[in-house]
Amino acid sequence: MALSLGLNCLRSSPIVCYATSNHFHSSDAAFIRRAAELADKSAGFTSPHPNFGCVIATPAGNVAGEGYLYAQGTKPAEVQAVEAASELSKGATAYLNMEPGDCHGDHTAVSALVEAGITRVVVGIRHPLKHLQGNAVRALRSQGLQVDVLGEDLQSKIIEDARKSCLLVNAPLIHRANSRVPFSILKYAMTLDGKIAASSGHAAWISSRKSRNRVFELRGRSDAIIVGGNTVRRDNPRLTARHGGGHMPMRIVMSQTLDLPEEANLWDICDVSTIVVTQRGAKRSFQKLLASKGVEVMEFDVLNPREVMEYFHDRGYLSILWECGGTLAASAISAGVIHKVFAFVAPKIIGGKSAPTPVGELGMVEMSQALDLIDVCFEKVGPDMLISGFLQPIPELTPIIPSEDETFAIDPTVSPYESSIIFFYKTWDPYGAFSNFSPHPIQMFDSNGDYATWSSVEHYYQAHKFVGVNDPAAKDCIEKIKSAKSPEEAARMGRSMQRQCPHLVRSDWDNIKIDVMYKALKCKFSIYPHLNSMLLSTAGSVLVEASPHDLFWGGGREGEGLNYLGRLLMQLRSEFLGESSASSVWFRINFV
């Protein structure tokens, strides 16, 4: 996608690199920046995980292979690059925008570099997550590879600029881990005289079609889009990413009074879900109406941007795009939850004393109090000017990222690292490999009764919602889910089809879904010894799938969830330990 989080500011004309001693640093910097550009291609697909890119360069300075992570659970960037480079990998240098982040016990990325014959690895930044930081660097060095980290082993002005490109491409993860709220971008379009609508409220269209297409791209890079009640009432938006080429982000409406129309485009959840956040007790009858349409409603004792963003942090959201009016924008800025601004300025003048502006009252009375943007970029988009910059600097990477409660404690009184309870969520925490989204293919029977490989447990689980249904559409859905590029994509397909075409879902699904998940998990933990060992190592601990919003498979926000995924893993652990004990007894009887 063309719209990056800031890489365009650092890009220059293409650089041809020759790895001579005189241009050692410039060559390393150019290849690292290329790795960052590759990593940026996955923005919006890998969330809440980092964006990874890899470039393999020969001693002569030629690119032999490239790759980037499409989504969590898919082939690592390093594997793609060495496969593309083939024999040219021997004696070559691998350039990575970020230290590899293999799951616990899984060394796919590191092994790919070692086995390919790579002799040197240049890393843009160390992994920002505490339990992964430095692991891959140590593993590579232990295998005899030379590993250089920008800013540590390599230092110069050009190297620092390359390192900055690596920070930018993963700014959402770094900000989120540091601030305990999702990385948030405030986007607006305004006229040259600073208006986002006419005095009448009419706002279509301020910016050009090219600018609007860039907004679609920006949406496709985000986990969710948030608007206020005024935007819903005035514009009736759809908030889709239909021209962006990315995934469809969640839609969030923030309304204190729920003074919203009964019919609105955002209440149509056929393609993507909507969440309404409101003050506790607001218009119960309207809440029931929204619930009947499938819209999720969340109540807050105190409805403010900080509380709302902390909640969506706990739901695992990485990046949120704010497309709200001036009042909510000012509230979000004052709460310190806006990290970056994208302002599209159209060469138009509308005037109007009462015409709304992009940011409401901030309580500032002197120009010296104005907020300055950092790393400002200017770009012409059609007839418009796009001005972007950070309101908050990208935090420096330190060993304390993330904080110790990153794994989403169910009970606030219990530490996530309490020995009696082990929390896991998706695939990004120390026990993330327990997740049904982890990148571990399994071999199970398909709908035709044939032995087949499924890319993850989630692929298998989602597809089996439609197994046995005598309808070509159900069979087509199974095949699409099976070939989905990532577990997240498989989940989106399965859930969307279940909502849109409930008649295609097998009639016994609610009764057998636990058994389907159990069989897939048992296969996974039976064929991967390191996963089996990790599961057995948790003996005596309660396992909790720490999703705050999945009240069936997860533990819920305050421990109110049923935690069936954790229960199944504990059941498997018990079975495996029983088998281990039985084998031990058999061994002693027969051989001792």
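Since this is a predicted model, take the numbers as computed values, not measurements.

## What about the packing of helix α4 (residues 108–115) against helix α5 (residues 135–142)?
Running from N to C, α4 and α5 cross one another at 25°; their axes reach a closest spacing of 10 Å. Comparing the axis directions of α4 and α5 gives the class roughly parallel. In this structure, the crossing between α4 and α5 has a hand that is right-handed. Contacts from Val-110, Leu-113 and Val-114 of α4 reach α5 at Ala-136, Ala-139 and Leu-140.

## Examining empty space enclosed by the protein
Within this structure, the stated rule accounts for two cavities of 30 Å³ or more. Each pocket or cavity is described by its volume, and for the largest cavity that value is around 160 Å³. Lining the largest cavity are 19 residues, and of these Ala-43, Asn-51, Pro-172, Arg-221 and Ser-319 sit closest to its centre.

## Describing the nonpolar core
Counting residues in hydrophobic clusters, the biggest one holds 60 residues, and the most contacted among them are Ile-56, Leu-113, Ile-118 and Val-121. The residues touching Leu-113, leaving out its near neighbours within four places in the chain, are Glu-78, Val-82, Ala-94, Leu-96, Ile-118, Val-121 and Leu-140. With 43 residues, the next largest nonpolar core counts Phe-434, Ile-442, Ala-452 and Ala-520 among its residues.

## Examining the packing of helix α6 (residues 157–169) against helix α7 (residues 171–179)
Where α6 contacts α7, the axes come no closer than 4 Å and their chain directions differ by 70°. Between α6 and α7, the angle falls in the class roughly perpendicular. Contacts between α6 and α7 involve Leu-167, Leu-168 and Val-169 from the first element and Ala-171, Pro-172 and Ile-174 from the second.

Quick notes on the rules
Residues numbered from 1 in each chain as written. Predicted model: local features only at pLDDT ≥ 70, side-chain atom pairs only at ≥ 80, totals over all residues. Heavy atoms only, no water. Axes fitted to C-alpha atoms, helices over the stretch in contact; angles between N-to-C directions. Helix = DSSP H or I, 4+ residues; strand = E, 2+ residues; numbered from the N terminus. Parallel < 35°, antiparallel > 145°, perpendicular 65-115°, else oblique. Left-handed = near helix turned anticlockwise from the far one by under 90°. Contact = heavy atoms within 4.5 Å. 1 Å grid on protein atoms, 1.4 Å probe; cavity = no way out; pocket = protein on both sides within 12 Å on 5 of 7 lines; lining within 4 Å. Points joined across faces, edges and corners; volume = space filled by probe spheres on them. Core = buried A, V, L, I, M, F, W, Y, C linked by side-chain atoms within 4.5 Å. Buried < 20%, exposed > 50% of the residue type's maximum accessible area, 1.4 Å probe, protein only.

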